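Residue strings, one per chain:
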Amino acid sequence: MPGLLGKKIGMTSVFSAEGKNVPCTVIEVGPCVVTQVKTADKDGYEAVQLGFEEKKEKHTTAPMAGHFKKAGVAPQRHLAEFTGFDGEVKLGDTFTVELFNENDFVDIQGTSKGKGFQGVVKRHGFGGVGQATHGQHNRLRAPGSVGACSYPAKVFKGMRMAGQMGNEKVTVQNLRVIKVMPEHNLLLIKGSIPGSKGSIVLIEK
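Given the structure is predicted, the values throughout are model-derived calculations rather than measurements. (Residues numbered from 1 in each chain as written. Predicted model: local features only at pLDDT ≥ 70, side-chain atom pairs only at ≥ 80, totals over all residues. Heavy atoms only, no water.)

Undergrad: Talk me through the confidence of the model for the protein chain; I want residue IDs and the actual numbers.
TA: Scored by pLDDT, the protein chain has a mean of 91; 100% of the residues are at 70 or more. Element-level pLDDT for the protein chain is lowest in helix 1 (residues 40-43), with a mean of 91, against a maximum mean of 97 in strand 8 (residues 116-118). (pLDDT = per-residue confidence, 0-100. Helix = DSSP H or I, 4+ residues; strand = E, 2+ residues; numbered from the N terminus.)

Right under this line is the structure:
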């Protein structure tokens, strides 16, 4: 599906036509430049590679510098591939936030906030073991059994246990576009999206 790269600015709220206060996320979207056009003959599939946010050439590796030079664009900090663009797309073309319209529904992919190493109660919503009193010592937030069986004598893969929480790719689907502000390259999306302020997100129609 066609889409663009953007940066999460933060959250705010706006009033709808019915007078309701709607919480929404502000995203700076584009402008994104076409850095590569992939075709089925050459690459095995069709896609458009877009770049977002320029960076200095001294911070670009030699292979990527040649890649951007071939496209005739400045070095880009973030790259992503999208499909389904209407019409012919050429190297160096620019797409802006005007790709989206009000009341469109979009899917947004971002990296969730990292929570560090967490236990099973916070990470998976476990209820804990036993009561909090009556001689209970230190097992309230423990995971309990992880597989007491004689055969096979092992812990099965995928067992919910304590570990790293957050900092993973998350996609939220069917979010409504509240407002498009092309003069500031801003998009207002109803509700929250994954990631912290300043994080990069992918918005697909």
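Having seen the model, we can carry on.
Undergrad: Before we move on, can you summarise the pairing of strand 3 (residues 32-38) with the specific residues and values?
TA: Counting buried positions along strand 3 yields five of seven residues, so the element is predominantly enclosed. Here strand 3 pairs with strand 6 (residues 94-95) via two bridges, running antiparallel. Residue V33 lies in a different strand from strand 6, and its bridge partner there is T94. When strand 3 meets strand 4 (residues 47-54), the two strands line up antiparallel, connected through five bridges. Counterpart to V33 in the pairing with strand 4 is G51. (Buried < 20%, exposed > 50% of the residue type's maximum accessible area, 1.4 Å probe, protein only. Pairing = 2+ DSSP bridges.)

Undergrad: Please set out the pattern of salt bridges residue by residue, giving values where relevant.
TA: Going through the model one piece at a time under the given rule, you end up with three salt bridges. With its nearest N and O atoms 2.8 Å apart, the salt bridge here joins E53 to K7. Of this pair, E53 sits in strand 4 while K7 sits in strand 1 (residues 3-15), placing them 46 residues apart in sequence. The partly exposed category is assigned to K7, whose relative accessible area is 24%. (Salt bridge = Lys/Arg side-chain N within 4 Å of Asp/Glu carboxyl O.)

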